[in-house]
Amino acid sequence: MSNSIGQNLLHQSLLPSTVREHQSTCIAGKTLFQAQATSHIRKSPLTTKFLGNRLNVRKTTYPMATNRTLSVSPQAVLATDPASQNLFSESSSWLKECLHCALPLSLSNNGNGLLNPGTYLGRKFSLDGNTELQVIVRAPTAGSVLQVDFQVTNSNDNLTLHWGGMRKKKEKWLLPTRRPDGTKVYKDRALRTPLIKSGSNSFLSIEIDDPELQAIEFLIVDEAQNKWFKHNGDNFHIELRLKGKLIPNVSVPEDLVQIQAYVRWERNGKQTYTPEEDKASKSCIMDSHGSSNEDIRARLTNKNELRESKVLPLSEKTSEITDDLVQTQAYIRWEKAGKPQYSADRQLREFEEARKELQTELEKGMSLDDLRKKIMKGEIQTKAPKQQEKKKHVTIERIQRKNRDPMQLLNKHAKVPAKATENTSTISKALSTIELFARAKEEHGDGPIINRKIYKLGDKELLVLVTKPSGKTRVHLATDLNDPATLHWALSKQAGEWLGPPPSILPPGSVSSYKAVETNFSGSSDDPTYKVQSLDIEVDDDTYVGMPFVLFSGGRWMKDNGSDFYVEFGVESKEVQKDFGGGKGKGTAKALLDKIVDMESEAQKSFMHRFNIAADLTKEAKDAGELGLAGILVWMRFMATRQLIWNKNYNVKPRCPSYRELLRMIMSTVGRGGEGDVGQRIRDEILVIQRNNDCKGGMMEEWHQKLHNNTSPDDVVICQALINYIKSDFDISVYWKTLNENGITKERLLSYDRAIHSEPKLSRNQKDGLLRDLGNYMRTLKAVHSGADLESAVSNCMGYKSEGKGFMVGVHINPVSGLPSEFPDLLQFVLQHVEDKNVEGLLEGLLEAREELRPLLSKPNDRLKDLLFLDIALDSTVRTAIERGYEELNNAKPEFQSSKGYLDNSVHAFLQKIMYFITLLLENLALSSDDNEDLIYCLKISAPRNLFGIIGTVARGNMHPAMTVYLEKQGWNQALSKSKSGDHHWALFAKSVLDRTRLALTSKAEWFQQLLQPSAEYLGSQLGVDQRAVNIFTEEIIRAGSAASLSLLLNRLDPILRITANLGSWQVICPVEAVGYVVVVNELLAVQNETYERPTILVAKSVRGEEEIPDGAVAVLTPDMPDVLSHVSVRARNSKVCFATCFDPDILANLQAKQGKLLQLKPTSADVVYSELKEGDLTSSTNEEDSGPLKPLTLVKKQFAGRYAISSEEFTSEMVGAKSRNIAYLKGKVPSSVGIPTSVALPFGVFEKVLSDDLNQGVAKKVQLLQKKLGRGEYSILGEIRKTVLELAAPPKLVEELKSKMQSSGMPWPGDEGKQRWEQAWVAIKKVWASKWNERAYFSTRKVKLDHNFLCMAVLVQEIINADYAFVIHTTNPSSGDSSEIYAEVVKGLGETLVGAYPGRALSFICKKSDLNCPQVLGYPSKPIGLFIRQSIIFRSDSNGEDLEGYAGAGLYDSVPMDKEEKVVLDYSSDPLISDVKFQKSILASIAGAGKAIEDLYGSAQDIEGVVRDGKIYVVQTRPQM
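Residues numbered from 1 in each chain as written. Predicted model: local features only at pLDDT ≥ 70, side-chain atom pairs only at ≥ 80, totals over all residues. Heavy atoms only, no water.

A.B. asks: Which residues make up the pattern of salt bridges, and what are the values?
C.D. replies: Taken as a whole, this structure holds 52 salt bridges when the rule is applied. One salt bridge in this structure joins Asp1503 and Arg1519, with 3.4 Å as the shortest N-O distance. Placement of the pair is Asp1503 in strand S50 (residues 1502-1509) and Arg1519 in strand S51 (residues 1512-1520), with a sequence separation of 16 residues. Exposure remark for Asp1503: the relative accessible area of 9% places this residue in the buried category. Taken together, the shared-partner salt bridges in this structure form one network comprising Lys991, Asp995, Arg998, Asp1054 and Arg1058. (Salt bridge = Lys/Arg side-chain N within 4 Å of Asp/Glu carboxyl O. Helix = DSSP H or I, 4+ residues; strand = E, 2+ residues; numbered from the N terminus. Buried < 20%, exposed > 50% of the residue type's maximum accessible area, 1.4 Å probe, protein only.)

This is the structure we're talking about:
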């Protein structure tokens, strides 16, 4: 110990580093210390009056349950953190609770169950996360009534107390007549009283004057979110009358309060306190109640004699020894003993021993002044206690995870629609009046939408919608302002200028003035749904680029945030400026990226410049949405990966923008920045390293100069390179290897403003000191620059202790406030186990920490940056831990028998661990993702027990305890239990979960690719970034996340599931032998219109399900999973093209490697055998023999029969197609259990009649002109034809006839709901007609040489059945050709996801026609999306080109619902078709039964579509199976 202790004597450990005088006022039992630095230095370095077993203090007492104001002036505080300022008041509260226990069974009462006056009953409850409820019952005093106080802390919601009184338990609530203001009676069953909001807390007091009430019960309600807070699933119950012994009112002496405060502080390691730590400490100590002052004093001092006296008598000499001398001597003893961790009792004994040692010196005749001098020099003889042996702390191997609903993690992206419920309501109800109007305009089909913007006008709105009909520019404006509105407007040929519009385009009533026009909005619409004022302006001059304007209404001018409104005519959005054209910057926020490029030279100057520029661009980036933030991310990542220069002149702390998932990615590219004086320590401590280790010249001095000028993340790498160099026995190649692997080259070292020219040249005698000091220095560097470094991230959130860490000595960082009480222990567990070989317990701890942290990340916090860095670090550690665990899985080579799906114990153990890892990674990925709904449902479906079988449990073997508990909780064990009996359905279902998870990862990867890669390519090209770094930019981001680790685990599990479920490596959709040349393509869609001159086997990475098979293709092989009954599958079978899905990536890679080779395919129903042929073998193949020109198909052009609409009784082959006729034929002939929807139709020829009507002369001319261009091979014109068809107007007679037929058939007429609803129906009809010119249909007809001009389109009109499920049946198994077997597929929601381009598989099953009650499931669903719709009308295409012999035209043309379907992310965890075996069997058997009945009716195999609603089967169409 130093000979001079002086002012800093106790700064290391005994007390916190800063001790100042404080003053405080204790109001209503709460002591609030406000720190104030004094202007003078006291003689003693410490002023705390702790004297071992006694505190020399005034005999101030704290009365219980009174509101008397007390004044206290303590002489010291025990922590520097503001959160610890409640230490004394908390200690006082604990002592009070020992005397007047706040728990119900130890209350002060008067013997008859009533509370004594002045006493109270208190209870605390946890509501949600950090939100707590405290209830205090205050006993009545003279002239008052019993009062119940409620306080909710840490909640920003407006809460309501839902309550009532009770005389006896389990009786109905009584409604007291004495009620607080604002109380309302709720359904005559309860009272509802709003809590009073104050900041993040809410308060309420109620008075009870009914002496017979025994208790009150209540719930807390957040009415805005329809959220109820309960107590363990039940009502909160507070007793008002309690039985118990009489405990007199007593008060707590101040000395006991201070002793308790000190003991608590010592016991907790002399650290600074957060409020949560205070609570935890308090709850641990409070183990007795109803105690007297003497009992408490005895407990605190552990001296029995204290029970006899409140103050120990001391000799006169003893009383002369001042408190500070005793404490100083105690510190010397503690230091000589090796600074052990003492218990509270041992600490008090140490004070006694120190006092005795000083007393001995005084008894020798020494004066107090001499005694003080000897103490300060350390000359007092002391017998230090033996240093205690360090105990080997036994740490727990796992933490106890809380039970959480995965739905609490749900984050829905703004683009994801709300989930449809059982009673799906109209989507439009949630929209504002202006949004409704905008949707109606858009659906009207007034040409392509060029620009759309809704401005806020206070609580009103203004819509500006720009469309481009027939080459003109049309501006639609609408507002819901109450007062009449006038538009003051002009046009611009250059952005922002005001030019007077030409008179020819002015709307009626317009008044021209200088360079502007004023036009009044028209009055409110007749439709009550859209009470708006509107105005349309049509501009036919393409030289105008925009329109500036302002509004006048209600006597005032309205502008756009102080500027003129301005709408552009040629871009999607004024604020987004996305470039989706063919030039550079496609798919980016180009304007923002150009600005970044312009500012890069400025950004290179320093961190300050780069981060300040990034912060300044944040608003513009947010306005541009995801693409804008993607641009910032790309820019910052180029910097982080050292593709850009980042330091020339200065060093500053970075300022970071904020924005959810993209923010996390941006922050992961930057450092945390210095806290306190950490940044300065970087520069100071390098001098210490040089001085301590005698290395002041050369590279170390150059590095010092660089650090002094500018410290950057490069310094972390340089420090690590030096450490590795020294550890390798000074091998300089190791130094350069470390630098180069992290992107630092010699050129980069020379590019610093203070360049590093030299290599390190250090000697062996410096080794130990440098390793020690550089290791400590690395902590300082990481604390500033490595935001995702776990140790520094934890330290920054939990705070540094006063003694500091390594080179952080003297740096004070306060803990983040508001952390959960158990959070410190959780993080400590993580740090203790972070390098464990068995990672199961670590993973549980990491995820539990992230779950605890998650609520704090969505709330305002001045330390949000540190919390985000901690979450990023925890996320990163999950990934590295999983990778460590994956090594063990890689080494495992389980063997199993595949004949009956039997798995031995080694395979069980392997599957248990891999499923466990998959579930943990899903949870981790969901915690890191914004739009995580699909991931959440993947997590849920892998968890609930009812989804994984019914029987048994699996032997746990030597599984890690954490894994055992987790798997039991998640339900994977029940999945595996079936394997013991050879039941392979567990593997089928697990495979569907795996497939859906893969789809979720694919979707996420595609989102990254679309969002980031265009910005990376554009910005990279502009900034001269290395091309390889640009090419792999998105790939590297994906690889760096949990998704990559999850994908590896899925790939490892997949082959075992496939073999166990007898799925094999292939699913053969059309088993046709083929010979052809291999051509590898990315998408089948991209080549569907190609014509291959020689037989071609296409290996397509992506097949969506609605493509055409190209001419010349003899086979399509893909890793994608189109449904067996999708359009492309049906067309493959009809065209006799081999079509199969390959699940084995190795087989697929082998096929792709045979690009250009000639192969022969021999498929069976479950496998594909292929072999390479020689060139001459092609002539003998069946493909060549069968090939030849296709005979052209002929059509008879249908004529208009004089009727615009007909009922189903009038359906004939001259009027409608086979689709309409078949559905009419079924009516009355199928069993009553099968429903047939009512139908009417617009027959053949109606489209041509409407086109020739005088109303549509302009449209007819344009269509005629476009068709001529199409005939010349200008296929790009197809889209323009479809848009032109949408401009058709409806002849009044068509409207009249259709209305009459629909109403007479019992169908609802859309126009009855308003004019706008008919407009929606008319647009849907036109879209069906326009689908004649969709690309897929047009090229399909050309392929079979069908005259497209002869193709006619009828429209089948049906009422939509709001389906629970949709199905497609083939009454002959299409894969095997077995006519005794029905094959069907079922999806949740509408059937478009089954036959259209929606990824994932449907539930599939077969059923023998001889035993319809025993359907056999072949596969469970993995489709993530379902389509749902309100009760509506659908308009189905019914052409004369469908179901021709030798040509499958079905599905080529569109069926269009009047209302837009809602896409819903599906949750199979609660779907009875999956989880309820009885329900599943009933539905599947009913579907099979309907298929059999319809086949019997027609006498041939049928392709049937239908839906299930409330268990009833409805058939919507049938056709011969092709």
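A.B. asks: Tell me about the environment of Glu518, and name the residues and values.
C.D. replies: For Glu518, the location among the structural elements is in strand S24 (residues 516-520). Owing to a relative accessible area of 32%, Glu518 belongs among the partly exposed residues under this scheme. Along the backbone, Glu518 and Phe552 are 34 residues apart, and their C-alpha atoms lie at a distance of 9.5 Å. When residues no more than four places from it in sequence are discounted, the contact partners of Glu518 are Thr486, Leu487, His488, Gly509, Ser510, Val511 and Trp557. (Contact = heavy atoms within 4.5 Å.)

A.B. asks: Just give me the short version of the nonpolar core, but keep the residues and values in it.
C.D. replies: Within the largest apolar cluster, 110 residues are counted, with the highest numbers of intra-cluster contacts made by Phe823, Leu870, Ile914, Leu1049, Phe1405 and Ile1487. Counting residues per element, this core draws most heavily on helix H25 (residues 905-928), at 14 residues. In this view, Ile1487 contacts Phe1367, Ile1369, Ala1384, Val1386, Phe1405, Val1508 and Ile1513; residues no more than four positions away in its chain are not counted. Membership of the second largest hydrophobic core comes to 48 residues, among which are Leu1251, Val1263, Ala1330 and Phe1435. (Core = buried A, V, L, I, M, F, W, Y, C linked by side-chain atoms within 4.5 Å.)

A.B. asks: Give me the sheet that holds strand S31 (residues 1066-1070): which residues, what numbers.
C.D. replies: Strands belonging to one sheet form pairs held by backbone hydrogen bonds; the direction of such a pair is parallel or antiparallel. In space, the 7 strands of this open sheet follow the order S31-S35-S34-S33-S32-S36-S37, with mixed pairing throughout. Two strands close off the open sheet at either side, each with one partner strand: S31 and strand S37 (1168-1172). Each strand of the sheet is rotated relative to its neighbour by a mean of 35°, with strand direction disregarded. In the sheet, strand S33 (residues 1091-1102) pairs with strand S34 (residues 1111-1118) via 5 bridges, with the strands oriented parallel. (Pairing = 2+ DSSP bridges. Axes fitted to C-alpha atoms, helices over the stretch in contact; angles between N-to-C directions.)

A.B. asks: Give me unusual backbone geometry: which residues, what numbers.
C.D. replies: Notably, Asp188 is not glycine yet its phi reads approximately 55°, a positive angle. Mapped onto the secondary structure, Asp188 falls in the loop between strand S11 (184-186) and strand S12 (190-194). Positive phi, close to 60°, is recorded for Asn1062, a residue that is not glycine. Position of Asn1062 relative to the elements: it lies in the loop between helix H32 (1042-1060) and S31. Judged by relative accessible area, Asn1062 falls into the partly exposed class, the value being 48%.

A.B. asks: Which residues make up the packing of aromatic side chains, and what are the values?
C.D. replies: Applying the stated criterion across every chain yields a total of 24 aromatic pairs. Taking 5.2 Å as the distance between ring centres and 85° as the angle between the ring planes, the aromatic pair formed by Phe150 and Phe218 counts as edge-to-face. Note that Phe150 is positioned in strand S9 (residues 146-153) and Phe218 in strand S15 (residues 215-222), a separation of 68 residues in sequence. The exposure class assigned to Phe150 is buried, which follows from its relative accessible area of 2%. Here Phe218 falls in the buried class, since its relative accessible area comes to 0%. Arranged with centres 5.7 Å apart and planes meeting at 80°, the rings of Tyr1338 and Phe1339 form a pair that is edge-to-face. For Phe1339, a relative accessible area of 14% translates into the label buried. Members of the aromatic cluster, each reached through a chain of ring pairs, are Phe1247, Trp1309, Trp1318, Trp1322, Trp1329 and Trp1333. (Phe/Tyr/Trp six-rings, centres within 6.5 Å; stacked < 30°, edge-to-face > 60°.)

A.B. asks: I'd like a description of the pairing of strand S21 (residues 473-479), backed by residues and values.
C.D. replies: Of all 7 residues that make up S21, 6 are buried, and the element is covered over most of its length. Relative to S21, strand S20 (residues 460-467) runs antiparallel, the two sharing 6 bridges. Counted as the bridge partner of Val464 is Leu477 from S21. Between S20 and S21, which follow one another and run antiparallel, lie 5 residues, and Ser470 among them has a positive phi close to 50°. Here 7 bridges tie S21 to strand S25 (residues 533-539), and the two strands are oriented antiparallel to one another. Its bridge partner being in S25, Val475 is matched across the sheet by Ile537.

A.B. asks: Can you lay out the environment of Ala1086 for me, pointing to particular residues and giving the numbers?
C.D. replies: Of note, Ala1086 is situated in the loop between strand S32 (1074-1083) and S33. With 21 residues separating them along the chain, Ala1086 and Glu1107 place their C-alpha atoms 9.2 Å apart.

A.B. asks: So what about the pairing of S20? Which residues, and what values?
C.D. replies: Among the 8 residues that make up S20, 8 are buried, leaving the element largely enclosed by the rest of the structure. Residues Lys460, Leu462, Val464 and Val466 point to one face of S20 and Glu461, Leu463, Leu465 and Thr467 to the other, with burial holding for every one of them. Pairing between strand S19 (residues 449-457) and S20: 8 bridges, direction antiparallel. Counterpart to Leu457 in the pairing with S20 is Lys460. Once S19 ends, the chain turns through 2 residues before running back antiparallel as S20, passing Gly458 with a positive phi of about 65°.

A.B. asks: How would you summarise the sheet that holds strand S42 (residues 1365-1370) if you had to cite specific residues and measurements?
C.D. replies: Ordered in space as S39-S51-S50-S42-S43-S44-S45, the 7 strands form an open sheet in which the pairing is mixed. Strands with a single pairing partner mark the edges of an open sheet, and in this sheet they are strand S39 (1234-1235) and strand S45 (1416-1419). Summarising the sheet, S50 and S51 pair through 8 bridges and their orientation is antiparallel. Within S51, the residue paired with Gln1502 across the bridge is Pro1520.

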